[in-house]
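Take a look at the letters that make up each chain.
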Amino acid sequence: MTTTAPGTRKTPGRSLPRRTRRGRGVMSSTGLYVATGVAALLFLMPFYVLVRNALSTDAQITGEDWTFFPTDVRWGNVTAPFDDSRVPFARSLWNSTVVAVLHTVGVLLVCSLAGYGLARIPYRHADKVFYLVLGTLMVPTAVTFVPSFVLVSSLGWVDSYRGLIVPGLFSGFTCFLFRQYFLGFPRELEEAARVDGLGHWGAYWRVVVPNSLNFFAAIATITFINGWNSFLWPLVIGQDPGAWTVQVALSSYTTGQTVVFHQIFMATAISIVPLLFVFLFLQRWLVQGIAQTGIKG
C-alpha cells in the first residue's frame, strides 16, 4: 500500500504527458507552417522573376547590379509582344485558346465514353480491350510521332485546327482514369435510370455525367493545361505563322541573331494568365476529382 507524506500534494499522473503532447503539437504545427511558407516562397520565386524581368529593360535584366524591383517600371512592355510584326502573338493566343478548349472537350467526350464502356458495358473482350488501352501507355510518343505526321499530312491537315486537335483526342491514361472512376460510381443510380427506360447512353448522359462534375472538372483542368503547354506537335503541324500556338510563338523570340529579353519575359507572363484563371476557377474540384479515381498514390 502506497502512502503519501503529510503536507505533500499528489500530482495527477496525466498532467505532465498532456502538457508534453500539447507542446509537441504546437512545435509540429509551427514546423508545418514554416515548411509550407518556405515551399510557397520557392514556388513563387519563378513568377517573381518573370514579372520583375517583364517590367524591366534588357540592361536591368542582364546587368550586374540586381534590384528587387526595377526603379523605372516599363509598363510599355505590356504591348511590346503585340507590336512585333515578326511574331503574330495575338493570333497565337487565339489559336492556343481554340486548340486547348476543343482538345479538352474532345478528350472528355471520347475518353469518358471509352471509360464508361469499359467499366459498365459487359462484352466478351472487355478485358482484352482494356489491356490494349493500357499497352498504349508503354509506347513512347517519339515512336508514333512520325506516323502521325505522315497521316495528318496525307489528309491535308497541316496548318489547320484539325491537324492540331484530332490526333490528340484519345488519351490512354485519361481513359484509364475514367474507367477507375466509373467502377466506383453507384450502380443504384444507373439501375434506377434503366427502370425509367434509359439505355447505356441515356444513363451516361442524364445520370452519370451530372453526378460526376467534380471529376470531369479535374480532368478538364489537367487536359487544358497540357493542351495549352503543348509545343512539339504544334511546332511541326503549324508551319505557317498564322497557325502558330502561343508556345511556338514564344520560341520564335529567341533567334541566332537577337534575343529581346524583356519581350520574352512579358510574352511568357501574358501566356500564363489564361492558365492562372482556369486553375483558380477549377482548383477546388482538382484534388477532389483525382481522389475519386480510386488510385492510391
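Residues numbered from 1 in each chain as written. Predicted model: local features only at pLDDT ≥ 70, side-chain atom pairs only at ≥ 80, totals over all residues. Heavy atoms only, no water.

K.L.:
An account of the overall build of the protein chain is needed here, citing residue identities and associated values.
P.N.:
In terms of helices and strands, the protein chain carries 15 helices and zero strands. For the protein chain, the proportion of its 297 residues judged to be buried stands at 35%. (Helix = DSSP H or I, 4+ residues; strand = E, 2+ residues; numbered from the N terminus. Buried < 20%, exposed > 50% of the residue type's maximum accessible area, 1.4 Å probe, protein only.)

K.L.:
Tell me about the packing of helix α4 (residues 89-120) against helix α11 (residues 213-229), and please be specific about residues and values.
P.N.:
The relative placement of two packed helices comes down to the angle between their axes together with the axis-to-axis distance. Running from N to C, α4 and α11 cross one another at 140°; their axes reach a closest spacing of 8 Å. Viewed along their axes, α4 and α11 adopt a mutual orientation that is oblique. The interaxial crossing formed by α4 with α11 has right-handed handedness. Two secondary-structure elements touch here, α4 through Leu93, Ser96, Thr97, Ala100, Val101, His103, Thr104, Val107, Leu108 and Ser112 and α11 through Phe216, Ile219, Ala220, Thr223, Phe224, Gly227 and Trp228. Taken together, the residues that form the contact of α4 with α11 break down as 10 nonpolar, seven polar and no charged. (Axes fitted to C-alpha atoms, helices over the stretch in contact; angles between N-to-C directions. Parallel < 35°, antiparallel > 145°, perpendicular 65-115°, else oblique. Left-handed = near helix turned anticlockwise from the far one by under 90°. Contact = heavy atoms within 4.5 Å. Nonpolar A, V, L, I, M, F, W, Y, C, P; charged D, E, K, R; others polar.)

K.L.:
A description of the environment of Ala192 should follow, citing residues and the corresponding values.
P.N.:
With respect to the secondary-structure elements, Ala192 resides in helix α9 (residues 187-195). In this structure Ala192 comes out as partly exposed when scored by relative accessible area, which is 41%. Put simply, Ala192 and Ala203 are 11 residues apart on the chain and 9.1 Å apart in space, counted from C-alpha to C-alpha.

K.L.:
Go over the layout of surface pockets, please, and point to the residues and values.
P.N.:
Considering only enclosed or pocket space, the largest pocket measures out at about 1100 Å³ in volume. Forming the boundary of the largest pocket are 30 residues, of which Thr141, Pro167, Gly168, Phe170 and Ser171 lie nearest the centre. Elements with a minimum of two residues in the lining of the largest pocket: α4, α6 (141-154), α7 (161-165), α8 (172-183), α11 and α12 (232-237). For the lining of the largest pocket, the element with the highest residue contribution is α11, accounting for five residues. Looking at side-chain class alone, the lining of the largest pocket contains 17 nonpolar, 13 polar and no charged residues. By volume, the second largest pocket amounts to about 440 Å³. Counting only elements with at least two residues in the lining of the second largest pocket, the list comes to α1 (15-54), α11, α14 (261-271) and α15 (273-291). No other element matches the five residues that α1 contributes to the lining of the second largest pocket. The residue makeup of the lining of the second largest pocket, split by class, is 15 nonpolar, one polar and no charged. (1 Å grid on protein atoms, 1.4 Å probe; cavity = no way out; pocket = protein on both sides within 12 Å on 5 of 7 lines; lining within 4 Å. Points joined across faces, edges and corners; volume = space filled by probe spheres on them.)

K.L.:
Please set out the pattern of salt bridges residue by residue, giving values where relevant.
P.N.:
One side chain can pair with another of opposite charge once the charged atoms of both are near each other. Enumeration over the complete set of coordinates arrives at two salt bridges. Ionic pairing is found between Asp84 and Arg86, a salt bridge with its closest N-O pair at 3.0 Å. For Arg120, the salt bridge is made with Glu190, and the minimal N-O distance between the two is 2.6 Å. One end of the pair, Arg120, is in helix α4; the other, Glu190, is in helix α9, with 70 residues separating them in the sequence. (Salt bridge = Lys/Arg side-chain N within 4 Å of Asp/Glu carboxyl O.)

K.L.:
Which residues make up the nonpolar core, and what values do they have?
P.N.:
Phe178, Phe182 and Phe216 are the most contacted members of the largest nonpolar core, which totals 25 residues. If you list the elements that add at least two residues to this core, you get α4, α5 (126-136), α8, α10 (200-208) and α11. For Phe178, the contacting residues outside a window of four places in its chain are Leu108, Cys111, Ser112, Gly115, Phe215, Phe216 and Ile219. Of all hydrophobic cores here, the second largest spans 17 residues; its members include Ala54, Phe89, Leu250 and Met266. (Core = buried A, V, L, I, M, F, W, Y, C linked by side-chain atoms within 4.5 Å.)

K.L.:
Break down the environment of Gly115 for me, with residues and values.
P.N.:
Relative to the helices and strands, Gly115 resides in helix α4. For Gly115, a relative accessible area of 0% gives the class buried. The sequence separation of Gly115 and Arg179 amounts to 64 residues, and the corresponding C-alpha distance is 4.1 Å. The contacts of Gly115, once residues within four sequence positions are left out, are Cys175, Phe178, Arg179 and Phe182.

K.L.:
Now, about the packing of α9 against α10: what can you tell me, with residues and values included?
P.N.:
Where α9 meets α10, the closest approach of the two axes is 9 Å, and the angle between their N-to-C directions is 120°. Comparing the axis directions of α9 and α10 gives the class oblique. Two packed elements cross with a definite hand, and for α9 against α10 that hand is right-handed. The residues of α10 that touch α9, namely those facing Leu189, Glu190, Ala193 and Arg194, are His200, Ala203, Val207 and Val208. Considered class by class, the residues forming the contact of α9 with α10 number five nonpolar, one polar and two charged.

K.L.:
I'd like to hear about the packing of aromatic side chains, residue by residue, with values.
P.N.:
The tally for this structure, following the rule as stated, stands at 17 aromatic pairs. Ring geometry for Phe178 and Phe215: centres 5.1 Å apart, planes at 85°, overall edge-to-face. Taken together, the residues Phe178 in helix α8 and Phe215 in helix α11 connect sequence positions 37 residues apart. Exposure class is identical for Phe178 and Phe215. Each is buried. (Phe/Tyr/Trp six-rings, centres within 6.5 Å; stacked < 30°, edge-to-face > 60°.)

The values reported here are purely geometric and, on their own, carry no functional implication.
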